[in-house]
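Working through the structure, step by step
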Amino acid sequence: MNIIDVPVYQLAEMLKDRKLSSAELTKAYLDRIKQVEGTVRAFITLMEEKAMAMALAADGRLMSGTNTTPLTGIPIAIKDLLCIQGHPTTCGSKILQNFIPPYDASVIARLRDAGSVFLGKTNMDEFAMGSSTENSRFFCTRNPWNPAMVPGGSSGGSAAAVAARETPLALGTDTGGSIRQPAAFCGITGLKPTYGSVSRYGLVAYASSLDQIGPMARCVRDAALLLDAISFHDPLDSTSADVTRPRCYEASLRPGISGVKIGVPREFFREGMDEGIRQRLDEARRVMEGLGARFIDVSIPALDCSLAAYYVIAPCEASSNLARYDGCRYGYRAEGEPDVISMYKKTRREGFGEEVLRRIIIGTYALSSGYYEAYYLKAQKVRTLIKRDFDRAFQECDFLFAPATPTPAFPIGEKADDPLSMYLSDIFTVSVNMAGLPGLVVPCGFTKGLPVGLQLIGRAFGEASLVNAGAAFQEATDFHLKTPDCSVVSGQ
Ligand code: GLN
């Protein structure tokens, strides 16, 4: 077996027993990146030298056997909106093209302490706004299963890199689906943690009340290992929850869903869903029933309003968060303007792409004094209703069973000029962010040669039971072991 096909939890054992060195492993991944990156285009910045230096340092720790963790010596790719001290953090934007952060995000500092090896920064929709990675100001990433298709977004670079075996692990962020939707499109495992689980310190903000960092991996066990490493209470983030967190890796070692009650929210299964996705979900349900789970009907009536409310709240928060990019403090600055107001305007018009500008305009409008109550306040009320619907559903069941996306990956260019149809790809994911809940996506088969994702939604801080169920599903199926035909990818 090729070393790049081995799951992280096994690699950790091999590294610990010195059957493999981190330098060998890192080199194997860097070689793989060279082989397929010309087609996949998952990375904005490759950190080749840094990665080899981190691998050698990890080998030193592993050799002495002191201060090691399951992630010591394991490579990881980082979405390019998390600050790594001394390395560019672009957010997929021209406005931050030359920005080099002077500090580490808290999750990065944790991973550094754990001995992870940073391979590079992955491509994304500009400021995480988008569902296809086509909004990156640099280039579009391709879906490793079919390079004519999008990888999803906004964490499309991270998802494609994991699927194409360019990295065993990646960090993504999910504001309205950006871990789960690309995970589904690329046939990998993605976990959006409960809001407040993972520190957002050093994460460039899109919509602060929705953003959450989470793991992207090949299997649930690997995702659980990464989640355990990045989930902690951080005083540097005032929204970081001061609660005892579940140990997810341990939960993944006790897979099982016998006797578990799973709710099927009927609003997630209406007409309009791709027939192949419906069939794969039916099959997944039968697998889970075979494992002893019981399915019941539940309802999340506010789902119908969730997309509309999300696309008010997220742009409102974004318009405020993005006010700091004005050409004065850091990042891109348009030169040659006669006064400071025209400099601001030109900087922002040139620095931001079309979708980001659209959202700033929508957000500023919805927050303006005449419209605040009609839009922002109304959307916040809808948010409360969504939360209540989930609370009610969880009185009847342990977690929810839903599709991750209404369709499989779509062709590059198909929705690029049609923002509303692009927004619709988030229909099954945004409500989970609005309620602050954890969501796990695992691959559950294929339709038209493209992966399909199953989404399990849990109670707040119920990650362990999601992981437990996801691991049981992956023990009973082999979809997570399928790999895209990379000879096709590299030959394109
Ligand atoms: N596609 C959604 C948006 O554009 C979600 C993005 C995200 O989760 N970062 O807002």
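Residues numbered from 1 in each chain as written. Predicted model: local features only at pLDDT ≥ 70, side-chain atom pairs only at ≥ 80, totals over all residues. Heavy atoms only, no water.

This next bit is on the sheet that holds strand E11 (residues 450-457). Read across the sheet, eleven strands follow the order E1-E3-E2-E4-E6-E5-E10-E11-E9-E7-E8 without closing on themselves; strand pairing throughout is mixed. Each of the sheet's edge strands pairs with one partner strand only, and the pair in question is strand E1 (43-46) and strand E8 (294-298). When the angles between neighbouring strand axes are averaged without regard to direction, this sheet yields 30°. As judged from the three bridges shared by strand E5 (residues 189-192) and strand E10 (residues 439-447), these two strands associate in the antiparallel manner. Each bridged residue has a counterpart across the sheet, and for Lys192 the counterpart in E10 is Gly439. (Pairing = 2+ DSSP bridges. Helix = DSSP H or I, 4+ residues; strand = E, 2+ residues; numbered from the N terminus. Axes fitted to C-alpha atoms, helices over the stretch in contact; angles between N-to-C directions.)

With 16 residues, helix H9 (residues 275-290) extends 23 Å between its outermost C-alpha atoms, agreeing within 8% with the 22 Å of an ideal straight helix rising 1.5 Å per residue. Listed as buried for H9 are Gly276, Ile277, Arg280, Leu281, Ala284 and Met288. End-on view of H9: buried residues confined to an arc of 130°, all on one side of the axis. Exposed positions of H9 whose direction lies more than 90 degrees from the buried face are Arg286 and Gly290. Contact partners of the buried residues in H9: strand E7 (261-265), E8, strand E9 (399-403), E10, E11 and helix H16 (463-476). After H9 finishes, the residue Gly292 shows a positive phi value of roughly 100°. (Expected span 1.5 Å × (residues − 1). Buried < 20%, exposed > 50% of the residue type's maximum accessible area, 1.4 Å probe, protein only. Arc of directions from axis to C-beta. Contact = heavy atoms within 4.5 Å.)

As a further point, take the site of the ligand. Within the structure, the ligand sits among 15 residues, and Thr175, Gly176, Ser178, Tyr206 and Tyr310 are positioned closest to it. Within the backbone of Ala128, an N or O atom sits 2.9 Å from a nitrogen atom of the ligand. A distance of 2.8 Å is found between an oxygen atom of the ligand and a backbone nitrogen or oxygen belonging to Gly130. Protein burial of the ligand: of its 290 Å² of free accessible surface, 100% is covered by the chains. Its residues placed into classes, the shell around the ligand shows five nonpolar, seven polar and three charged. (Near = heavy atom within 4 Å. Polar contact = N/O pair within 3.5 Å; in protein donor to acceptor, adjacent residues only side chain to side chain. Areas by Shrake-Rupley, 256 points an atom, 1.4 Å probe, with all protein chains shown as cover. Nonpolar A, V, L, I, M, F, W, Y, C, P; charged D, E, K, R; others polar.)

This part is about the nonpolar core. Within the largest apolar cluster, 154 residues are counted, with the highest numbers of intra-cluster contacts made by Leu111, Phe127, Leu171 and Phe401. In terms of residues, this core owes the most to one element, helix H10 (residues 303-321), which gives ten residues. (Core = buried A, V, L, I, M, F, W, Y, C linked by side-chain atoms within 4.5 Å.)

Turning our eyes to something else, we now look at the packing of aromatic side chains. Throughout the structure, instances matching the rule amount to 18 aromatic pairs. Ring geometry for Phe127 versus Phe352: centroids 5.9 Å apart, planes at 70°, classification edge-to-face. Of the two residues, Phe127 sits in the loop between strand E3 (117-122) and helix H5 (156-163) while Phe352 sits in the loop between helix H11 (340-351) and helix H12 (354-367), which places them 225 residues apart along the sequence. Ring pairing ties together the aromatic residues Phe99, Phe127, Tyr325, Tyr330 and Phe352, which thus form one cluster. In this structure, Arg41 packs its charged tip against the face of Phe139, placed 4.3 Å from the ring centre. (Phe/Tyr/Trp six-rings, centres within 6.5 Å; stacked < 30°, edge-to-face > 60°. Lys NZ or Arg CZ within 6 Å of the ring centre and 35° of its normal.)

In short, shape yes, function no, at least from these values alone.
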